[in-house]
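# Summary of structural features
In case you want the letters, here they are:
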Amino acid sequence: MKRIKIQPLTPEAFAPFGTYTSVLNPEGEYLAGPHHKYYRENSRYFAQTGLPIGLSPIVVDKQPMKIDAVEYHNYACEAILPINDDAIVHVTPAGGAPDTAKTKAFLVPKGTMITLFPGVYHLCPLPAAADKLNALILLPERTHNNDFTLVELPADQQFQITK
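A quick note: this is a predicted structure, and the numbers were derived from the prediction, not measured. (Residues numbered from 1 in each chain as written. Predicted model: local features only at pLDDT ≥ 70, side-chain atom pairs only at ≥ 80, totals over all residues. Heavy atoms only, no water.)

### Observations regarding the nonpolar core
Counting residues in hydrophobic clusters, the biggest one holds 32 residues, and the most contacted among them are Phe14, Ile67, Ile88, Val91, Ile114, Leu126 and Ile161. Only strand E1 (2-8), strand E7 (69-72), strand E9 (87-91), strand E10 (104-108), strand E11 (112-116), strand E13 (132-140) and strand E15 (159-162) provide two or more residues apiece to this core. When residues no more than four places from it in sequence are discounted, the contact partners of Phe14 are Leu9, Thr19, Tyr20, Phe106, Ile114, Thr115 and Leu116. (Core = buried A, V, L, I, M, F, W, Y, C linked by side-chain atoms within 4.5 Å. Buried < 20%, exposed > 50% of the residue type's maximum accessible area, 1.4 Å probe, protein only. Helix = DSSP H or I, 4+ residues; strand = E, 2+ residues; numbered from the N terminus. Contact = heavy atoms within 4.5 Å.)

Here it is in structure tokens:
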């Protein structure tokens, strides 16, 4: 079985899959007032739909990090914000059948929102240390019904995420 090593989240390494911004320790350009700094558009989210964006909590139990399925969305980004723990997120480039030889696994610090581009293969975020990960998922309303494809990976494409 393939082994995918967790790597730190960096703009260069994550660029093929999406964007991210730290909510707890923002950096970059900002607009300021006497009592605030507004960090504008550090990450982008887009969807080809007129539906409202749903804010959906997810709770994920700690589990073995053996991955045998992935999902993707054709028309929407998916944003993930880990709340109580760092998260492990695996991503495989969009296009054709998933080629897990190109899969990367990232350690997403809690309070950092990642936005996955449409078509990027992924599955739910995994807790890095806690018994349960609480995270917030942003997707257009009803994406789970009208823009969700689950792909069961053949044995030769399955992988184990390692630290």
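Back to the write-up after that little detour.
### As for the side chain of Gln157
Its location among the elements puts Gln157 in the loop between strand E14 (149-152) and E15. Taking relative accessible area as the criterion, Gln157 reaches 15% and is therefore assigned buried. In this structure, Gln157 is in contact with Lys2, Pro98, Asp99, Thr100 and Ala101, ignoring residues within four places of it in sequence.

### What about the environment of Ile4?
Position of Ile4 among the secondary structure elements: in strand E1. Note: C-alpha distance between Ile4 and Gln48 (44 residues apart in sequence) is 32 Å. For Ile4, the contacting residues outside a window of four places in its chain are Thr100, Thr103, Lys104, Ala105, Phe159, Gln160, Ile161 and Thr162.

### Details of the state of the cysteines
Scanning the entire structure with this criterion turns up zero disulfides. As a non-bridged cysteine, Cys77 has Cys124 as the owner of its nearest cysteine sulfur, 19 Å distant. Residue Cys77 is classed as buried on the basis of its relative accessible area of 0%. Exposure remark for Cys124: the relative accessible area of 27% places this residue in the partly exposed category. (Disulfide = S-S within 2.5 Å.)

### Let's talk about the packing of aromatic side chains
Applying the stated criterion across every chain yields a total of six aromatic pairs. Residues Phe14 and Phe17 carry aromatic rings whose centres are separated by 6.3 Å and whose planes lie at 50° to one another, so their mutual orientation is tilted. On the basis of relative accessibility, which here comes to 1%, the residue Phe14 falls in the buried class. Given a relative accessible area of 3%, Phe17 falls into the buried group. Pairing Tyr72 with Tyr121 gives two aromatic rings, centres 5.1 Å apart and planes at 65°, and the pair type is edge-to-face. Of the two residues, Tyr72 sits in strand E7 while Tyr121 sits in the loop between E11 and strand E12 (126-127), which places them 49 residues apart along the sequence. Overall, the relative accessible area of 18% leaves Tyr72 in the buried class. Each residue in the set Phe14, Phe17, Tyr20 and Phe106 is aromatic and connected to the rest through ring pairs, giving one cluster. (Phe/Tyr/Trp six-rings, centres within 6.5 Å; stacked < 30°, edge-to-face > 60°.)

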